[in-house]
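Chain by chain, the residues:
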Amino acid sequence: MSDKYTLVHGFESAKKYKDSPTLTIGDYVFWLAGESSRNPGHIYVKRQGKYVGKISKHGDFSMAFNTHFDSVNDVKKILKDPILAAMNNDKLSGKCSFCNRKLTTIGSQIFGMGPTCLKKWGW
Ligand SMILES: [Zn+2]
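A brief report on the enclosed structure follows. Everything quoted here is computed from the prediction, not taken from an experiment.

Calculation rules
Residues numbered from 1 in each chain as written. Predicted model: local features only at pLDDT ≥ 70, side-chain atom pairs only at ≥ 80, totals over all residues. Helix = DSSP H or I, 4+ residues; strand = E, 2+ residues; numbered from the N terminus. Rg over C-alpha atoms; globule rule 2.2 N^0.38 Å. Buried ≥ 20, exposed ≤ 12 C-beta atoms within 10 Å, placed from the backbone. Contact = placed C-beta atoms within 7 Å. Pairing = 2+ DSSP bridges. Axes fitted to C-alpha atoms, helices over the stretch in contact; angles between N-to-C directions.

So, about the overall build of the protein chain. Looking only at helices and strands, the protein chain features five helices and five strands. Ordered by position from the N terminus, the helices and strands of the protein chain form the series α-β-β-β-β-β-α-α-α-α. Radius of gyration (C-alpha) of the protein chain: 14 Å, near the 14 Å computed for a compact globule of 123 residues. Counting only C-alpha atoms, the protein chain reaches 40 × 30 × 30 Å along its principal axes. Buried residues in the protein chain amount to 24% of all 123 residues. Considering only intrachain contacts with a sequence separation of at least 6, the fraction spanning at least 24 residues in the protein chain is 34%.

Here it is in structure tokens:
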């Protein structure tokens, strides 16, 4: 099975465009820990501003000890298939799930994400 469409792969791709890429899907914000952080190379996750946990380079999720079960399930779904998660989220807003810009074509609006972001994230 190809892992091209996973979140970890997306961050590896997005890093080439930006030092500290950030991805927003619904309530969740994912960002790459910097080289000077305690967990360089990890992806951190917040939900509505609250720390949820971190994801290793290998895609292993370590949740914060007080994280709710539904958040854990959501993060695992996004990890495996961020595109599907983005599609299930908020696609009627007319905005890109990843960068929040207004989507201009019907195709992009159906997907809930723009072509530039898809390319940037390697999807
Ligand atoms: Zn976008």
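That shown, we press on.
Sheet strands pair via backbone hydrogen bonds, and the direction of the pair is either parallel or antiparallel. What the five strands build is an open sheet, ordered 1-2-3-4-5; its pairing is antiparallel. The two strands at the open ends of the sheet, each matched to only one other strand, are strand 1 (22–25) and strand 5 (61–63). The sheet shows a mean angle of 25° between the axes of neighbouring strands, direction not considered. Two elements, strand 2 (residues 28–32) and strand 3 (residues 43–47), share five bridges in a ladder whose sense is antiparallel. What sits directly across from Phe30, in strand 3, is Val45.

In strand 1, alternate side chains face the same way, and those of Leu23 and Ile25 are buried while those of Thr22 and Thr24 on the opposite face are not. Looking at chain direction, strand 1 and strand 2 are connected through four bridges and run antiparallel. Bridged to Leu23 within strand 2 is Phe30. Hairpin connection, strand 1 to strand 2: the antiparallel pair is bridged by two residues, and Gly26 has positive phi, about 60°.

For the rest of this paragraph, the subject is the environment of Lys18. Relative to the helices and strands, Lys18 resides in the loop between helix 1 (7–14) and strand 1. Overall, the presence of 10 C-beta atoms within 10 Å leaves Lys18 in the exposed class. Considering only alpha carbons, one finds Lys18 and Lys120, 102 residues apart in sequence, at a separation of 9.4 Å.

Honestly, it's all geometry; don't read function into it.
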